[in-house]
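Read off the chains here:
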Amino acid sequence: MRFARLQTADGIANAVASGDSWRHIEDPFAETLEYTGEHTPTDDGILLAPVRPRVIVGIAHNRGNNDHPLPIQAWHKSPHSVANPGEIIPVRRDIGTVNIEGELAVVIGRQSYQLTESNAFDHVFGYTVANDVTNIDQVPKDEKNFQAKSGINYTPLGPWIETEIADPENVATEVVINGRVVGQSGSFNLPSSVVASLVYVTSWLRLETGDVVLTGAPNTFFAAQPGDRVEITLAGIGTLTNTIG
């Protein structure tokens, strides 16, 4: 099923895809969906970030990349950095290279703590596309990733949440900048698996409904310049498009 948040003439609406329209619902995370009876034609709805998480956790895949003893580490990214599809990303100037990073984002469906490999995906609501914008030259200066990951609109999400992904460990990713394909990879190239990342994060932190885990950029990170139009496509999910300001 495909879930979205829309800006309509009457305000913000949660909706599910139904034919050539969006069918409005009360709460996308409810056990039983309640429909409002309202519809928005597909071409009329303005897509917003499909979820407004209270917590965003990013994954650093250390295996094979450095000498950290842990194969996985995690860090927080501010939910205030979430941006809508189509929004401009005003990258920081005079701080070195700024990268865009195409990633599979996991949206949590229910309270999750100390998950296991056997039950982790049972706690997932669905998946969306993320652009984890990063001030990459700040990483050596701040190992906590605050300077590296902070910025207005530095976490575009969208265009919607897809709940029916056959295999999250095998989602192809394509990154296009200004109409040119610059990268093709997928979650199958992550040094640590999606499920392992969920197990690791929840071994320390309790996640709640609507929280987001950014699973990492499997060689899908590229330097961005003002004016660049960035399109990140995840197979079976959709394409997230934003412009660098």
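Quick caveat, the model's predicted, so the values are computed rather than measured.

When its secondary structure is counted, the protein shows 2 helices and 19 strands. Across its three principal directions, the C-alpha atoms of the protein cover 55 × 45 × 30 Å. Nonlocal contacts in the protein, meaning residues at least 24 apart in sequence, comprise 67% of its contacts between residues at least 6 apart. With an accessible surface of roughly 11600 Å², the protein has 48% of that area assigned to carbon and sulfur atoms. Charge-centre separation for the protein: the mean point of 16 positive side chains lies 7 Å from the mean point of 29 negative side chains.

This brings us to the side chain of Thr202. Within the fold, Thr202 resides in helix α2 (residues 194-204). Within polar-contact distance, the side chain of Thr202 engages the backbone nitrogen of Leu115 at 3.0 Å. Separated by 3.4 Å, the side chain of Thr202 and the backbone oxygen of Val199 make a polar contact. Those residues in contact with Thr202 that lie beyond four places of it in its chain are Ser112, Tyr113, Gln114, Leu115 and Leu207.

Counting across every chain of the model gives 3 aromatic pairs. When the centroid spacing of 4.6 Å and the interplanar angle of 55° are considered together, the rings of Phe29 and Phe125 count as tilted. Within this pair, whereas Phe29 is found in the loop between β3 (21-25) and β4 (35-41), its partner Phe125 is found in strand β11 (residues 124-131), the two being separated by 96 residues in sequence. What makes Phe125 buried here is its relative accessible area of 15%. Connected via pairs of aromatic rings, a cluster forms that spans Phe3, Phe29 and Phe125. Seen from the ring of Tyr35, Arg23 lies directly overhead, with NZ or CZ sitting 3.6 Å from the centre.

Conventions and cut-offs
Per chain, residues are indexed from 1 in the order of the written sequence. With the structure being a predicted model, the display of local features is reserved for residues of pLDDT at least 70 and the display and counting of side-chain atom pairs for 80 or more, all residues being used for whole-chain, interface and lining totals. Note: side-chain values were computed over all heavy atoms of the structure, leaving out hydrogens and water. Helix and strand assignments come from DSSP, with helices taken as H or I runs of at least 4 residues and strands as E runs of at least 2, each series counted from the N terminus. In this analysis, two residues are considered to be in contact whenever any of their non-hydrogen atoms come within 4.5 Å of each other. Note on areas: Shrake-Rupley with a 1.4 Å probe; residue coverage comes only from the protein chains shown. His residues and chain termini do not enter the charge count, which takes Lys and Arg as positive and Asp and Glu as negative. Working definition for charges: the position is that of NZ of Lys, CZ of Arg, CG of Asp or CD of Glu. Within 3.5 Å is the distance limit for a polar contact, defined as a pair of N or O atoms, with the added protein rule that one can donate a hydrogen and the other accept it, and that residues adjacent in sequence qualify only through two side-chain atoms. Two rings from Phe, Tyr or Trp (for Trp, the six-membered ring) form a pair when their centres sit within 6.5 Å of each other. Planes less than 30 degrees apart are called stacked, planes more than 60 degrees apart edge-to-face, and all others tilted. Buried, partly exposed and exposed residues are distinguished by accessible area as a fraction of the type maximum, computed with a 1.4 Å probe on protein chains only: under 20%, between the cut-offs, and over 50%, respectively. Look at NZ for Lys and CZ for Arg. If either is within 6 Å of the ring centre and within 35 degrees of the ring normal, a charge sits over the ring.

Just distances and angles here, no functional claims.
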